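Results of the structural survey
Letter by letter, the chains look like this.
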Amino acid sequence: MKQNAKNRFCDLVHAIKQRNPERCLIMILDSITAKILSSIMKLKDLIDMGVSTIEKLELQRKAYPKNDAFYFITPSDDSVNRLLGDFKEQQMYRKINVIFSYNLPQRLLEQICKSNLANRIIQIKEFNHHLYFLDDNCFHFEIQQIHFDDMIQVVQLFLSSLPSMRPFQCVKLSTLKNNQFAQLFANYLPRVLDNWERTNQMIKDDGGELHFLILDRTFDLLTPLLHDFHYESLIVDLLPQSFSPFECEDYVYQKYRYKHIAHALEGIPQEFQKMVNTNPSALIHKGDFKELDTQKMQEIISTMPNYNSQLKDFTFHMNLIDQIWKQFETKGLKDLGELEQALATGTTKQGNQTKSDQLYQEVLYMLQSKIIQDNDKVRLVLIILLTVQMPENERKQILDKIIDMKPFYGLQKLGFDFDKMISNRITKKINKASRLLAKQKLSQMTLELQRYTPEIEILLSDLLDDNKFNTVTLYGSNSIPKNNIIQQSLRSKKEEQVEQISVCVFVLGGISHSEVCAIRNFYSNKLKQVFIGSTQILSPSQYLDQLRNLSQL
């Protein structure tokens, strides 16, 4: 998707440049489109395309009345008013191309047409790309909170992701039967899609099948609370101020971002040592000049910038790992993580069923610990309340251990009924299937603290199960004969059939880094292609903040 988006934007700039190849091309971006562009390309890419100057819409700018300009802006009141303001009292540019990131409201189009700007416009166009990338096929809109009234806008933003996916023969849409927000989204989508000018460009006879799975955050309230021990998840959880996964593209990070921290702890230092021992440029750094003639020295010196870059990347990530390990030890995350896994799976690390009374006592003990952080205590309380039924007195005793009750009320706003978790005795609310999955992972894995299976992983396995989902065909015809898919899940489909299917999982209300890791690790090789999208990529602290905000509505 990311490369397709970059190619589309390159084609757009080249088409504009060809109209007047000899003139300098000035590009104006607003604060949002600047961030959108930086998500798919670097400044050098724009310069290589022939963009001579890049300026920010919100800032005071010098007029270039003899040059053409290219506005790439959001279809908002603020950006349109600033565009019109550029020509209110002066001739800022000779002619302009105005490209909007997604659907321009009719009222704003009319406002532009009635202005004195109309005779300077070469074209007004909707580019349909208003998203940010976490990785090559994972996108989000950076919307921190959505309401029912926002659904049309979210649908329009979602449609802006489609051109970056290749054309398909058939596109289907599935939602969980009890996901209200997702159902509302699914109701709006076909209506908006019917009027969408790019629909025909998305159909290709041999394109295969694309299956959208639309979820809202209520499908799984538990997973974003759990500590996840993959490299990227730990970084955003423990070191949010030190690192942004949206801005890192180096080789080391791309290789290890979705791997368990144990693999990163072992693999990154080993690769670093191998590079130092085998890279010829390292000889100069070491001062080892034996058996090096002049020609060899020149070859080594020419590769040194690349070596220095690699050295910088490895050093950066080894420092990150060191910081993670220190926090892992000082915050008691091994014991806390084990307790969370036991609560979430109903299974001990030995593969036995947990004892609910014992878990309850362990949680009380952990909540009294001085090394466990306040936010981690809130997460632990929410985890036990979501997974263990208990009498009212015991629940009150748990809640009394934390001061911040807002996340608790936020879960209630999302529809979780804590009263159903009241029981005459302490007992776990983990079904047998979840415990079997945990035992299966325990039998296969060599690493600790990863026996929990996120709900999104299970849903993907059962995607074509008609009993679990509401499924409609948005356009096109089946790429797989119907008699081959009735009552089959992805888990049971033949390999040659599954290879024809691409899936896009889209989560309203945010998807966690741990869920992205789960999808990347377990399904990237089992489907033709897996796209991941959401209104927001959530860290655990952002999820808690989201719950706090919900509690105040």
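Residues numbered from 1 in each chain as written. Predicted model: local features only at pLDDT ≥ 70, side-chain atom pairs only at ≥ 80, totals over all residues. Heavy atoms only, no water.

**A word on helix α15 (residues 374-387)**
The end-to-end C-alpha distance of α15, which contains 14 residues, comes to 20 Å, matching closely the 20 Å that a straight helix rising 1.5 Å per residue would cover. Counted residue by residue, α15 has twelve buried out of 14 residues, so it is predominantly covered. Listing the buried residues of α15 in full gives Asp 376, Lys 377, Val 378, Arg 379, Leu 380, Val 381, Leu 382, Ile 383, Ile 384, Leu 385, Leu 386 and Thr 387. (Helix = DSSP H or I, 4+ residues; strand = E, 2+ residues; numbered from the N terminus. Expected span 1.5 Å × (residues − 1). Buried < 20%, exposed > 50% of the residue type's maximum accessible area, 1.4 Å probe, protein only.)

**Let's talk about a nonpolar patch on the surface**
Among the surface-exposed residues, Leu 43, Ile 47 and Ile 54 lie close enough to one another that they form a single nonpolar patch of about 270 Å² accessible area. Along the chain, the position of Leu 43 falls in helix α3 (residues 43-49). Under the relative-accessibility criterion, Leu 43 is labelled exposed at 53%. (Patch = residues over 30% accessible without salt bridge, like charges linked within 9 Å, V, L, I, M, F, W, Y side chains within 5 Å. Areas by Shrake-Rupley, 256 points an atom, 1.4 Å probe, with all protein chains shown as cover. Salt bridge = Lys/Arg side-chain N within 4 Å of Asp/Glu carboxyl O.)

**Here's the deal with the sheet that holds strand β7 (residues 138-140)**
Pairing is mixed in the open sheet, where seven strands are placed in the order β6-β7-β15-β13-β9-β8-β12. The outermost strands of the open sheet, each flanked by one partner alone, are β6 (132-135) and β12 (469-476). The average angle at which neighbouring strand axes cross in this sheet is 20°, direction not considered. Pairing between strand β9 (residues 209-216) and strand β13 (residues 501-508): eight bridges, direction parallel. Bridge pairing in β13 places His 211 opposite Val 503. (Pairing = 2+ DSSP bridges. Axes fitted to C-alpha atoms, helices over the stretch in contact; angles between N-to-C directions.)

**Focus on the packing of α15 against helix α17 (residues 406-413)**
Following both chains from N to C, one finds α15 and α17 inclined at 40°, their axes separated by 10 Å at the closest point. The chirality of how α15 crosses α17 is right-handed. Counted together, Val 378, Leu 382, Leu 385 and Leu 386 of α15 and Pro 407, Phe 408 and Leu 411 of α17 form the full contact between these two elements. A class-by-class count of the residues in the contact of α15 with α17 yields seven nonpolar, no polar and no charged. (Left-handed = near helix turned anticlockwise from the far one by under 90°. Contact = heavy atoms within 4.5 Å. Nonpolar A, V, L, I, M, F, W, Y, C, P; charged D, E, K, R; others polar.)

**Details of the nonpolar core**
Looking at soluble globular proteins, one finds that nonpolar side chains tend to be buried together. Ranked by internal contacts, the top residues of the largest apolar core, which has 65 residues, are Tyr 231, Leu 343, Ile 384 and Ile 398. Sorting elements by how many residues they give to this core places α15 first, with eight residues. In contact with Ile 384, other than residues within four places in its own chain, are Leu 343, Tyr 360, Val 363, Met 390 and Ile 398. (Core = buried A, V, L, I, M, F, W, Y, C linked by side-chain atoms within 4.5 Å.)

**So, the sheet that holds strand β4 (residues 96-100)**
Taken in spatial order, the five strands make up an open sheet running β2-β1-β3-β4-β5, and their pairing is parallel. For this open sheet the edge positions go to β2 (51-56) and β5 (121-126), each flanked by a neighbour on one side alone. The mean angle between the axes of side-by-side strands here comes to 15°, regardless of whether they run parallel or antiparallel. Sheet topology note: the β4/β5 ladder contains five bridges and is parallel. Across the sheet, the residue bridging to Ile 96 is Ile 121, located in β5. Along the sheet, helix α2 (residues 31-38) makes contact with β1 (25-29), β2 and β3 (68-73), crossing β1 at roughly 110°.

**Quick word on the pairing of strand β15 (residues 529-534)**
For β15, the tally of buried residues reaches five of six residues, placing the bulk of the element in the interior. Across three bridges, the pairing between β7 and β15 is parallel. Across the sheet, residue Phe 139 finds its bridge partner in β15, namely Gly 533. Pairing analysis gives six bridges linking β13 to β15, with the strands arranged parallel. Bridge pairing in β15 places Phe 506 opposite Gly 533.

**A short note on the packing of helix α8 (residues 231-238) against helix α21 (residues 513-523)**
At a minimum axis separation of 9 Å, α8 and α21 run at an interaxial angle of 175°. Taken together, the axes of α8 and α21 are roughly antiparallel relative to one another. Residues Glu 232, Ser 233 and Val 236 of α8 form the contact with α21, whose own contacting residues are His 513, Ser 514 and Cys 517. Among the residues forming the contact of α8 with α21, the class breakdown is two nonpolar, three polar and one charged. (Parallel < 35°, antiparallel > 145°, perpendicular 65-115°, else oblique.)

**Points about the side chain of Gln 183**
Relative to the helices and strands, Gln 183 is located in helix α7 (residues 180-194). The buried category is assigned to Gln 183, whose relative accessible area is 18%. Those residues in contact with Gln 183 that lie beyond four places of it in its chain are Thr 175, Leu 176, Lys 177 and Asn 470.

**Some words on the confidence of the model for the protein chain**
Model confidence for the protein chain is summarised by a mean pLDDT of 84, while 85% of its residues fall at 70 or above. Averaged pLDDT values over the elements of the protein chain bottom out at 49 in helix α20 (residues 495-498) and peak at 96 in strand β14 (residues 511-512). Low pLDDT, under 50, characterises residues 479-487; the stretch is placed with 19 contacts to residues that sit more than four places away or in other chains. (pLDDT = per-residue confidence, 0-100.)

**Notes on the pairing of β6**
Here β6 pairs with β7 via three bridges, running antiparallel. Looking at the pairing, Phe 133 lines up with Phe 139 of β7. With antiparallel pairing between neighbouring strands as the criterion, β6 and β7 make up a hairpin whose turn holds two residues.

**Observations regarding unusual backbone geometry**
With the exception of glycine, most residues fall at negative phi, and the peptide bonds are largely trans. A positive phi is found at Asn 128, a non-glycine position, where the angle reads about 60°. Checked against the element boundaries, Asn 128 lands in the loop between β5 and β6. Overall, Asn 128 belongs to the buried group, its relative accessible area being 3%. In this structure, Glu 142 takes a positive phi of about 60° despite not being glycine. Along the polypeptide, Glu 142 turns up in the loop between β7 and α6 (151-159).

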